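So you can see what is in the structure, the chains are spelled out below.
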Amino acid sequence: MAVLPPGVSQRDFSAAIAQFQSAVGKDWVFTSDPDVALYRDAYSPAWGQAEERLASAAVAPDSTEQVQQIVRTANIYKIPLFPISTGKNLGYGGSAPNLSGSVVVDLKRMNRILEVDDVRHYALVEPGVAYFDLYRHIQEKKLNVWIDTPDPGWGSVMGNALDHGVGYTTSQFRNHFDAHCGMEVVLANGEVMRTGLGAVPGSKTWQDYKYGFGPTVDGLFAQGNYGIVTKMGIWLMPAPEAYTSGTVSVAKHDDLIRLVEMVNYLENLGISNGMPGFGFALGAGGGRGGPGVQPDAQLAALLGREGGPDIAELERYAAANNRAFWTCRLQFYGPKTVVAAQWEYAKSRLAAIPGSRATDGPSYDFPLTPEQLARVQQVAFGVPNMSIFSIGARTERNPTPSSGHVWFSPIIPRTGEGILESQKVLWQAGRDAGIPFNRFAMPATYYSRAFIYIIGIPITRNVETDRKNRDGFRQLIKVAAEHGWVEYRTAPLYQDNVMDTYSFNNHALRRFCETMKEAVDPNGIMAPGRSGIWSKRHPRARA
Ligand code: EUG
């Protein structure tokens, strides 16, 4: 089944493999079908189909020098590489490349935690360091810092930041790329570069000051294909003393507009520093906004109404049943007296919305007791775990789970109007695309300045259904973009489609990226096609 890289002879491929073997040792070059199959995207929207992107082989270096040797060999034999860190990224492509035939550069062995400083609050890590690893290291050494972890704790601290991933604690840490500080990169020509103050030999502040001097180039290596990042600094949160939380609910559909305005004020001023969670109070799930309630027969009928629910009817139902329409849960981290005062202040502001109600939520002193830790949403307290996978698991209520999902994740404005309009438009677009989803899907607040929907589009491994869903997904991307809502991240299969929507001035952004691509990677060996950035050697396939 081995797919060769396009335009590479079996002879050159074998010669490259032999050089990879001499660089990293025979045990760390994978060419057998069962080994290479491990790099397939388990959530591929095109599993087993011609469109599925497959690696030809994988190589796992243990050092920056070995990465350099791999890159030099790739340039000699024109072998496309696809670097991964821990290679999870489920829902966004897993560890499979954009271009079939690429050799995966698997950085999992480079898992050294080079430094954790709990006075200046940062870590310096290699690509293979997972959230579990960094957390364990900090616990064992009893360091006074928290990490910020996304839902699955097995992911790479560096890889997640480089794909613009996010977590759950305070705003400046849950935006993982924002929290990075300083990189070491093996460029496409095999040279090693350090960004920011790492470019100054003997600099004492590589992990303390991001910009250095001149252009800040770090962004090129996030969702990019200009090099392989081999070290990255990440800012950590000083362990806080306490936590409090509370929920505010509002009674009317349009109250969402003021609710969002006020939460924006509180968050952008730093009063509410944790991740807010907006919820549709009449929904079954409740989202991150609070506990949901299973709808009674009357509400189920209103929500299931042909042509979509009628807002006035829902408002009447809510009023008659003493139920709220929307909720927002706020979270606060810091000194005990301060978080209490912050929540008090938040309540006083939010009380200005007629009919709003505030409820105190759980408060904790840190460290949490084991009993507390077992009850809470652990990622909100910087504790990595894998419990998120229960959402897709086979249960009594979900007897026929999907085989995975790809995330449809458009960014929308952080306003109530933005939610209300996009809920309606995207719901209709989902139905038109044959991938229906919740009429009151709530966007999340991972990024403090924008909303983002996180909608899982199922993978079924049924050939026809998956094909229909691929078409539907592409349609959703388009309809969203026509309304000004765009994807922040997507699986390789859809990266050209998403980049197509970033089209201002005849695709000036992509043209700039591809001009740089030719300059720094003239052989086009580095992750061809990543984020829709191709090159002369590997032009975009015409569909
Ligand atoms: C999640 C969060 C994301 C994402 C995909 C999934 C969380 C799922 C905004 O970041 O892109 C529970």
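Residues numbered from 1 in each chain as written. Predicted model: local features only at pLDDT ≥ 70, side-chain atom pairs only at ≥ 80, totals over all residues. Heavy atoms only, no water.

**With respect to unusual backbone geometry**
And then number 1: For the bond from phenylalanine 366 to proline 367, the omega torsion is -5 degrees, close enough to zero to count as cis.
And then number 2: As for its placement among the helices and strands, proline 367 is situated in the loop between β16 (364–365) and α11 (370–375).
And then number 3: Positive phi, normally seen in glycine, also occurs at asparagine 89, with a value near 50 degrees.
And then number 4: Judged by its relative accessible area of 25%, asparagine 89 is partly exposed.
And then number 5: Its identity as a non-glycine residue notwithstanding, glutamine 223 has a phi of 55 degrees, on the positive side.
And then number 6: Checked against the element boundaries, glutamine 223 lands in the loop between β9 (192–194) and β10 (227–235). (Helix = DSSP H or I, 4+ residues; strand = E, 2+ residues; numbered from the N terminus. Buried < 20%, exposed > 50% of the residue type's maximum accessible area, 1.4 Å probe, protein only.)

**A short note on the pattern of salt bridges**
And then number 1: Taken as a whole and judged by the stated rule, the model has 24 salt bridges.
And then number 2: Residues aspartate 365 and lysine 336 are paired through a salt bridge, measuring 3.0 Å at the closest nitrogen-oxygen approach. Of this pair, aspartate 365 sits in strand β16 while lysine 336 is found in helix α10 (residues 336–350), placing the two residues 29 residues apart along the sequence.
And then number 3: The partly exposed category is assigned to aspartate 365, whose relative accessible area is 39%.
And then number 4: Through salt bridges with shared partners, a single ionic network connects Asp496, Asp500, Arg510 and Arg540. (Salt bridge = Lys/Arg side-chain N within 4 Å of Asp/Glu carboxyl O.)

**Re the domain arrangement of the chain**
And then number 1: In terms of domain boundaries, the chain breaks down into domain 1 (10–106), domain 2 (113–238), domain 3 (242–365) and domain 4 (405–491).
And then number 2: A straight line from the C-alpha centre of domain 1 to that of domain 2 covers 24 Å.
And then number 3: Contacts between the two partners involve 14 residues from domain 1, matched on the other side by 18 residues from domain 2.
And then number 4: Summed over both sides, the interface between domain 1 and domain 2 buries roughly 1,200 Å², with carbon and sulfur atoms accounting for 66% of that surface.
And then number 5: Along the contact surface separating domain 1 from domain 2 lie zero salt bridges.
And then number 6: Where domain 1 touches domain 2, the interface holds five residue pairs in polar contact (both at pLDDT 80 or more).
And then number 7: Looking at which element gives the most residues to the side of domain 1 that touches domain 2, the answer is helix α3 (residues 64–77), with six residues. (Domains from an automatic or database assignment. Contact = heavy atoms within 4.5 Å. Buried area = accessible area lost by both parts, 1.4 Å probe. Polar contact = N/O pair within 3.5 Å; in protein donor to acceptor, adjacent residues only side chain to side chain.)

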